[in-house]
Structures are given as C-alpha cells and as structure tokens.
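Geometric and topological summary
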Amino acid sequence: MRKIFLLAFLLLLFNPHLALAQENEKFITVVNPVRISSYTQSPARSLKSEYIVIRERGLPATWLLTYDALDNPGIIATVKSMDKKQEFGIFLEVTPVFAKEAGVEYHNTGFWHHASSVFLSGYIQDERKLLIDTVFAKFKEVFGYYPSSVGSWWTDSYSLSYIKEKYGITANLVCSDQFATDGYQIWGQPWQVPYYPSKYHSGVFASSLAVKLDLVNLQWASRDPLNGYHNSLFSTQDYLVSGRNLDIAYFEKLVRLYSGLGKNEFGQITVGLEADLGPEGYEKEFTKQMSLVSKLRDTEGLRIVTMRDFAGWYKERFPSLSPPSFLEAKDLLGTGVRAVWSQSPEYRLFYTIDPATKEITVRDVRFYNADLEEPYYNSPNRSFNLTINVPGVVDEVSFKESIKKLKQEDNNIIEKFSKEKFTVSLGGVLIKGFSSEAIHFFKQKKAILSLLVGRGWNYFKKVDYLIPQGEIYALNFLKSLPAGKVLVYDNECLQCEYHTKLKPPSLANIRDYVQKYGGHRIIYNKSVFQAKTREKAKSEFRKTKVKYIYLVKFESYFEKLPFSPGDLGIEKIFSNANSEIWRVIE
C-alpha cells in the first residue's frame, strides 16, 4: 500500500497538471475557421500569419477548412507544415465551386453569406448529402482520414445526423445565440455551454436518449450573460465594436467566467478567429487574446484542447445526457445587476436580480422536449435569412410583455411555468381538408349541375394536410393574446414546392386551423395585401377592424405585408421560420 501512495505522490510531483486535471476541469478550445472570401488577397499568407500566433505560444487549435480552402494548394501547404498539436476539420459553407463539384445548383442570391446560399439547410436533403459526401471525400484526399470535427454558423440537424452516422464525427461548432446579426437568428439554444443536441433540432439539448445525437456542440463567440442577451456585440468576438470602449480586459472576464467552474462540474469556452483576414489582422487583438490563453494555461492550469479532444473528454465524462448547468454573475459592465442562467436537458431559464430591490425578473424560459423539430429538417430554407427560434414561454427580446416579476423569496422558479402547452407532435399537426382541386370544383357555378349528372362526387373525400410545428407554436402564442379578430391572407399557391410528406394547408388556402388553434376569429382578406397604393392599403385595412395579422412562411412561399408596418399602424410581436404575428398599435 505504501508503494502505491509513493507512486501517486511521484506522479503528482513530476506532473502537476495531472492534479489540476482531476480538480480543475477548466477548458479553452481555440477554433479558427478557414475560408477564402472575396477580400482575402493571399489566403496562404493570412493563414500562416494566424498560425504563427498559435505556434509561438505552443497552443493546440482546431482549424476548420471549407471546400475551397481544401482545394487551395497554398493553404494546404501551410496546413501540412503545422505542428502535431493542431487538429483539422471541415467548415461546412457552400460556395459556387463546392456546389459545382458536388453536382448541385448553387443558390446565387448575389451575396455569398445569405442563408439560402451558404448553409446546407438552404438545399434539399439529397443535395445536402451530395455536398457532404463531396467535401468529406476532398478532406480524405488531402489528409488520408476523415475529420472528427465540423462546423458552420449553422449546420442543420438532418445534415449533422447524416454526417454522424456516415463519418463518425464527434464535435460540431455552432454560433452562439444571437437574435438578429448578419441575417442569422439563432435563438433559444442552451446558453453558452457545450451540449449533446437533438437529432431533430441541433439548437436544443437532447432531452432523452431516444433523440440524442452523439456528438458535442461547441459554441462560437460566447455572449455576455446579461448584455449579450440583448446585443450580440457583447461577446468574445465583437467587444471592440460594442460602442462601450471595451478591450482585452473584457475578453478576459468572459473567458474566466465561462471556463470557470462555479457550481458546475466543468467550465469551457471556445475562442478563435476566421483565417480570411489580411495577414496584419492577427498582429493586434488576436495576439492579445492568444497571449491571455497561454498565460491562463501556464499560471492557472487551464486546459487548452482541440474540439476533438474536448468532445472525447465530454463523452467519457457524461456518457448519457448533458449535465445541468448554473451560472450567476454580476453585470460585467458594472451596474450591479446579477444575471442567473439555470439549464438542464429539459429547459433553460434566465432571470436577473435587482441589487437594490432584490426583485427577480424572469426574462427567458424555454422547454426542450424530445419532439422539437428544426424548421429546416425536411424543408430547405429558401430565405436570405436564417431563422432558428426555439419556442419560448418567456422571451423578453421577442415579446417584452412576456417577462415576469417575482419576489426574492420565490423558490423553484422553473416550476411556475407550464411545459405542456409548448409540446407539439414531431413534424406538426395533421388535419383533413378538401384538396385544392375540390375547392376549385365547388367554387364553379356549374358544380351542382355536375354533381346531379354524377360528376365530381370524388371531391367530397378529404385529404391530409400537415400544419408545420412552427405554426402551432405561433398559434399557441396567438391564443394567449387578448381577444381580437385576426386577418389572414386569402391566397393559395398551387405551384409552391414542399418537401414534407404532406402539403401545409396554407398553400391550399385552408385557414380555418388558424382560428381553431389560435383561439381568435379569422377574417380572410385579399384587398389589403393586393392594394396598389399606401392609401388604399390603409383604407382597406381599417375596414377589417382586426387586431392582429397572421402571416405564413413555408419554403419558397412568403406572405408579406404591403408597404411598411408604419403605414398600417402595426408592430411585429412574434416571428419564427413558419409564421409572423402583427398587432395593431393602439
């Protein structure tokens, strides 16, 4: 026994980091996406300049390469000169060259960063698989193996599931929550923690083993726990342009906050920078950031790990579901307000505590259930924008009126909110209705005559439609609002595409479900939407005497307001990938 104790003592004496690893599970993951953009004059020089900062500090980092980067001799030569601490993976952005090589028609919208162009979710499922197989084959051609890590600002859950099953990845990089930045809305994820995602929705915790996608999502550009909720510029990426004269000291606060333990079993934060800047772009702030990272490693024992290595540790430590997490911190800008984030595979809760009154303000509550499905799982995103908005019981940013005030002594805050009404069946809700052909038949003046002579009786048989899950969540929200009539667009789209198993009823101009699930009387209308002038639109709108407008979005079908909201005197109070709700301003 004495020999065992002596051996353990010697191991700790000569390897102090072993002791830290057992007691201090604090991680920093450096990730640098590598793309070639229109303003990259010398991709290889830019990459080399960034790598020098990493190499001089002896840091391991993960480099995620786009297809175009994998196809660039200068970049590959630089990559292959890097030391063995570096990990290489794939950055899943679609470009014209990449799409052509995969045999997929590129969605040229005029801007490479539009969501329908750059993300896999902009393409149908078969096209996604072609793109994925092409870039993975290219990676293997270059490196001789398949990567463990991938990423993009958003990789849809269908694509991730396909990649995991076929290529065995273990880690995925995703952008942290942001309500409206660069046309990408990712809203409602677990706040700034790594997690196992659902195979049906990459933006939520897997709430059961049945839907667990066995890879780890790591989040890019960690946001301030208070100010970053309202403005994504308060982050490890954009603090210099926040307008508050923030510097590397603010970056350090964020790194220490999220890599710290607090009441949790571990801490982790992802930092890094894209490699498509000019070579001089890495000599200032990025150098300061990496110097801080190396200092924290050398003086405080923080573990600097690649995406692959962190995912390996996480999967070994938490083989089932993601662990709960708890974060409480004073406002990093000095107001004294305390921000609290409490999360588990079932929910996320955000509230603040006023330093003077001790009053609690609940600002965000979302429940993660096994049936949540991403809007782009089956359907391609045909919009220039990305809209990932996890249903919220409370969501201050989307609908300020939803916040709740509680007394300080209130306990078990999450128990005060009902989960059941925010649970919708996977895929949506099945309803029956007449087919488009039947509706047109019954509108004919000669319909009765046709029936009398025995023609058209087959039209009485109703067919199945599927209300998208996103619409049901929108209608749940509508149902909670004060009484008032709802304007819906009296319109059909016979030629509109759909990639779900069943057509959504809105395309056939079946709208009664809005009244059934939304709890308000609906008014069909064309005149407002088809008005030629502002004056005509305003006049027609006043005649309706409605309190709300309900608009549908589905794949390439978008119902839009005529002119501007100000012309009609309305404000948007709800939006997701499938619907919008507007309210008359009183």
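In case you missed it, the structure is sitting above this.
What this report covers is the structure whose coordinates are included nearby. This one's a predicted model, so the numbers in the text were calculated from it and none came from an experiment. (Residues numbered from 1 in each chain as written. Predicted model: local features only at pLDDT ≥ 70, side-chain atom pairs only at ≥ 80, totals over all residues. Heavy atoms only, no water.)

Thoughts on the state of the cysteines
For the structure shown, the criterion picks out 1 disulfide. With a sulfur-sulfur separation of 1.8 Å, Cys493 is cross-linked through a disulfide to Cys496. Between Cys493 and Cys496, the disulfide has an S-S torsion of 75° and is therefore right-handed. (Disulfide = S-S within 2.5 Å.)

Digging into a nonpolar patch on the surface
A surface patch of nonpolar side chains, amounting to about 290 Å² of accessible area, comprises Tyr39, Trp112 and Leu277. Classification of Trp112 as partly exposed rests on a relative accessible area of 33%. (Patch = residues over 30% accessible without salt bridge, like charges linked within 9 Å, V, L, I, M, F, W, Y side chains within 5 Å. Areas by Shrake-Rupley, 256 points an atom, 1.4 Å probe, with all protein chains shown as cover. Salt bridge = Lys/Arg side-chain N within 4 Å of Asp/Glu carboxyl O. Buried < 20%, exposed > 50% of the residue type's maximum accessible area, 1.4 Å probe, protein only.)

Side note on the sheet that holds strand β15 (residues 386-389)
Taken in spatial order, the 3 strands make up an open sheet running β6-β7-β15, and their pairing is mixed. Only two strands of the sheet have a single neighbouring strand rather than two, namely β6 (178-181) and β15. Here the average twist between neighbouring strands, direction ignored, is 10°. Where strand β7 (residues 184-187) meets β15, 4 bridges bridge the pair, whose relative direction is parallel. Looking across to β15, one finds that Gln185 is bridged to Thr387. (Pairing = 2+ DSSP bridges. Helix = DSSP H or I, 4+ residues; strand = E, 2+ residues; numbered from the N terminus. Axes fitted to C-alpha atoms, helices over the stretch in contact; angles between N-to-C directions.)

Considering helix α9 (residues 157-167)
The buried fraction of α9 is high, at 9 of 11 residues. Three or more residues of α9 are buried, namely Ser157, Tyr158, Ser159, Leu160, Ser161, Tyr162, Ile163, Lys164 and Tyr167. Those residues of α9 hidden inside the fold are in contact with α8 (125-143), β4 (149-151), β5 (171-175), β8 (216-220) and α13 (307-317). Where α9 begins, the side chain of Asp156 points an oxygen toward the backbone nitrogen of Tyr158, at a separation of 3.2 Å. (Contact = heavy atoms within 4.5 Å. Polar contact = N/O pair within 3.5 Å; in protein donor to acceptor, adjacent residues only side chain to side chain.)

What to know about the environment of Pro505
Along the chain, Pro505 turns up in the loop between β20 (486-489) and α17 (512-518). Relative accessible area serves as the criterion here: at 0%, Pro505 is assigned to the buried category. Between the C-alpha atom of Pro505 and that of Val79, which follows or precedes it by 426 residues, the distance is 51 Å. Those residues in contact with Pro505 that sit more than four places away from it in its chain are Ile431, Tyr465, Leu466, Ile467, Ile510 and Tyr513.

Some thoughts on the pattern of salt bridges
In this structure the tally under the stated criterion is 36 salt bridges. A network of salt bridges, in which partner residues are shared, links Asp177, Arg348, Asp364, Arg366 and Asp395.

Some words on the packing of aromatic side chains
By the definition in use, this model includes 40 aromatic pairs. Aromatic pair Phe136 and Tyr167: ring centres 4.1 Å apart, planes at 20°, arrangement stacked. Here Tyr167 lies in helix α9 and Phe136 lies in helix α8, a separation of 31 residues in the sequence. Note on Tyr158 and Tyr377: the rings are 5.6 Å apart at their centroids and 85° apart in plane angle, and the pair reads as edge-to-face. In this pair, Tyr158 sits in helix α9 while Tyr377 sits in the loop between β14 (360-367) and β15, placing the two residues 219 residues apart along the sequence. Look at Tyr158 and you get buried, because its relative accessible area is 16%. Following the ring pairs from residue to residue traces out a cluster consisting of Phe27, Tyr196, Phe266, Phe310, Trp313, Tyr314 and Phe318. A cation sits over an aromatic face here: Arg348 above Trp187, 5.8 Å from the ring centre. (Phe/Tyr/Trp six-rings, centres within 6.5 Å; stacked < 30°, edge-to-face > 60°. Lys NZ or Arg CZ within 6 Å of the ring centre and 35° of its normal.)

Observations concerning the side chain of Ser198
Mapped onto the fold, Ser198 is located in the loop between β7 and β8. Relative accessible area serves as the criterion here: at 2%, Ser198 is assigned to the buried category. For Ser198, the side chain forms a polar contact with the main-chain nitrogen of Tyr200, separated by 3.1 Å. What Ser198 contacts, discounting residues up to four positions off in sequence, is Ser157, Val204, Phe205, Ala206, Val211, Leu213 and Leu372.

Here we look at the environment of Glu540
Tracing the chain through its elements places Glu540 in helix α18 (residues 534-544). Residue classification places Glu540 among the buried residues on the basis of a relative accessible area of 11%. Each C-alpha atom, one on Glu540 and one on Thr299, is 69 Å from the other, the two residues being 241 residues apart in sequence. Side chain to side chain, Glu540 and Ser527 meet in a polar contact 2.9 Å long. Polar side-chain contacts of Glu540 include one of 3.1 Å to the side chain of Lys543.

Some remarks on helix α11 (residues 248-259)
Taking 1.5 Å per residue, 12 residues should reach 16 Å; α11 reaches 16 Å between its end C-alpha atoms and fits that length. Taken as a whole, α11 has its buried residues at Tyr250, Phe251, Leu254, Val255, Leu257, Tyr258 and Ser259. Buried residues belonging to α11 abut β1 (26-34), β9 (267-271), α12 (285-300) and β11 (325-330). For α11, the N-terminal cap is Asp247; the gap from its side-chain oxygen to the backbone nitrogen of Ala249 is 3.0 Å. (Expected span 1.5 Å × (residues − 1).)

So, the nonpolar core
Core analysis: the biggest nonpolar cluster contains 75 residues, and Ile28, Ile54, Trp63, Leu65, Phe136, Val271 and Met290 have the highest contact counts within it. When residues of this core are assigned to their parent elements, the largest contribution, 7 residues, is made by α8. Among the nonpolar cores identified, the runner-up in size contains 54 residues, and Phe205, Phe399, Ile431 and Cys493 belong to it. (Core = buried A, V, L, I, M, F, W, Y, C linked by side-chain atoms within 4.5 Å.)

Notes on the pairing of β8
β8 sits mainly inside the fold: 5 of its 5 residues count as buried. Burial of the side chains of β8 extends over both faces: Val216, Leu218 and Trp220 are buried on one face and Asn217 and Gln219 on the other. Relative to β8, β5 runs parallel, the two being bridged by 5 bridges. In the strand pairing of β8, Cys175 is matched with Trp220.

Observations concerning unusual backbone geometry
Positive phi is not limited to glycine here, since Gln192 has a value of about 60°. Mapped onto the fold, Gln192 is located in the loop between β7 and β8. A positive phi angle, near 65°, is found at Lys358, a position not held by glycine. Mapped onto the elements of the fold, Lys358 is located in the loop between β13 (347-353) and β14.

Topic: the packing of helix α3 (residues 43-56) against α12
It is the contact of α3 with α12, at a shortest axis distance of 9 Å, that shows an interaxial angle of 25°. In terms of axis orientation, α3 runs roughly parallel to α12. Handedness of the crossing formed by α3 with α12: right-handed. From α3, Glu50, Val53 and Ile54 reach across to α12, where they touch Phe286, Thr287 and Met290. By residue class, the composition of the contact of α3 with α12 is 4 nonpolar, 1 polar and 1 charged. (Parallel < 35°, antiparallel > 145°, perpendicular 65-115°, else oblique. Left-handed = near helix turned anticlockwise from the far one by under 90°. Nonpolar A, V, L, I, M, F, W, Y, C, P; charged D, E, K, R; others polar.)

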